[in-house]
Amino acid sequence: METVVWSKPEGQRAGTPLLVMMHGYGTDESRMVRLFESLPQEFTFAALRAPMPIGDHWGWFLLDYFLANDFADVISAANAVQAWISSVKDQYSSVTLMGYSQGMAMASTLLRLHPDDYKAVVGLSGFVLNNELLSVMDSFEAKPPFFWGRDKADLVINEDAIAYTAEWLEKNTLLTARTYPGMGHAMSKAEMVDVSAFLRHYVLR
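Residues numbered from 1 in each chain as written. Predicted model: local features only at pLDDT ≥ 70, side-chain atom pairs only at ≥ 80, totals over all residues. Heavy atoms only, no water.

1. A closer look at the overall build of the protein chain
If you tally the helices and strands in the protein chain, you get 6 helices and 9 strands. The C-alpha radius of gyration of the protein chain comes to 15 Å, within 12% of the 17 Å expected for a compact globule of 205 residues. Projected onto its principal axes, the C-alpha coordinates of the protein chain cover approximately 45 × 35 × 30 Å. Contacts spanning at least 24 positions in sequence make up 78% of the contacts within the protein chain whose residues lie at least 6 apart. Accessible area for the protein chain stands at about 9,600 Å²; split by element, carbon and sulfur atoms hold 51% of it. Treating the 16 positive side-chain charges of the protein chain as one cloud and the 24 negative ones as another, the clouds have centres 8 Å apart. (Helix = DSSP H or I, 4+ residues; strand = E, 2+ residues; numbered from the N terminus. Rg over C-alpha atoms; globule rule 2.2 N^0.38 Å. Contact = heavy atoms within 4.5 Å. Areas by Shrake-Rupley, 256 points an atom, 1.4 Å probe, with all protein chains shown as cover. Lys, Arg positive; Asp, Glu negative; His and termini not counted. Charge placed at Lys NZ, Arg CZ, Asp CG, Glu CD.)

2. Points about the nonpolar core
Nonpolar side chains tend to gather and get buried jointly when the protein is soluble and globular. By size, the foremost hydrophobic cluster in this structure holds 42 residues, and its most contacted members are Met 22 and Leu 97. Residue assignment for this core shows that the elements contributing at least two residues are strand E2 (17-22), strand E3 (44-48), helix H2 (71-88), strand E6 (94-100), helix H3 (102-113), strand E8 (145-150) and helix H5 (159-172). The dominant element in this core, judged by the number of residues it contributes, is H2, at 8 residues. Not counting chain neighbours up to four residues away, the residues in contact with Leu 97 comprise Leu 19, Val 20, Met 22, Ile 85, Ala 107, Leu 110, Leu 111, Tyr 118, Ala 120, Val 121 and Val 122. Counting 24 residues, the second-largest nonpolar core is a separate cluster that includes Met 21, Phe 36, Leu 39 and Leu 199. (Core = buried A, V, L, I, M, F, W, Y, C linked by side-chain atoms within 4.5 Å. Buried < 20%, exposed > 50% of the residue type's maximum accessible area, 1.4 Å probe, protein only.)

3. Focus on the packing of H3 against H5
Describing two packed helices takes the angle between their axes plus the distance from one axis to the other. The interhelical angle for the contact between H3 and H5, taken along N-to-C directions, is 35°, at an axis separation of 13 Å. Note that H3 runs across H5; the crossing there is left-handed. Side by side, H3 and H5 meet where Met 104, Leu 111 and Arg 112 of the first sit next to Tyr 164, Thr 165, Trp 168 and Leu 169 of the second. Here the residues of the contact of H3 with H5 sort into 5 nonpolar, 1 polar and 1 charged. (Axes fitted to C-alpha atoms, helices over the stretch in contact; angles between N-to-C directions. Left-handed = near helix turned anticlockwise from the far one by under 90°. Nonpolar A, V, L, I, M, F, W, Y, C, P; charged D, E, K, R; others polar.)

4. Concerning the pairing of E3
Counting buried positions along E3 gives 5 out of 5 residues, so the element sits mostly inside the fold. Burial of the side chains of E3 extends over both faces: Thr 44, Ala 46 and Leu 48 are buried on one face and Phe 45 and Ala 47 on the other. Of the strand pairs in this sheet, E2 and E3 are connected by 5 bridges, and their pairing is parallel. Residue pairing in the sheet places Leu 18 in a bridge with Thr 44 of E3. (Pairing = 2+ DSSP bridges.)

Printed below as a string of structure tokens:
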């Protein structure tokens, strides 16, 4: 990852739990940096910039309105993030993932590929990829804690993607699902209160 914004200076990170944050399609890491002050300060937050230029912004892999994607691009992006996490994780007490929109697809894909590496996952206004190859590999000895927050009226994530995401999360994770009417395809202060409670319970406790 060429661009990473940290919440703590390097000398204050060792031994803390790490929260790796991934933004959505057509935006950048600043979208996640805004959340730093709203989350438990025991964590070290690392907001990553996706590698693929999307106009003047960035994405993890190409995506159309129907959320269709090239699986090779998905795996390439996931492998790049995983390699970066592997290079830093030894200095932290645990690693948790957070993804907004397309970033939730990335976070859940990383969980599916490397289930033993992550303490918990937070998904915000996003989706889980419906992919046969990933589904064949899905195997969790214990269901990982997963927070899923969204607005039911969010028009960006289509109904089929929501239905698959709900089914997959119910089957494979220890799910905390919350909805926020009027939030739209975004993140809210009320949602961050719930995310903070989730992180304190499953990671800090």
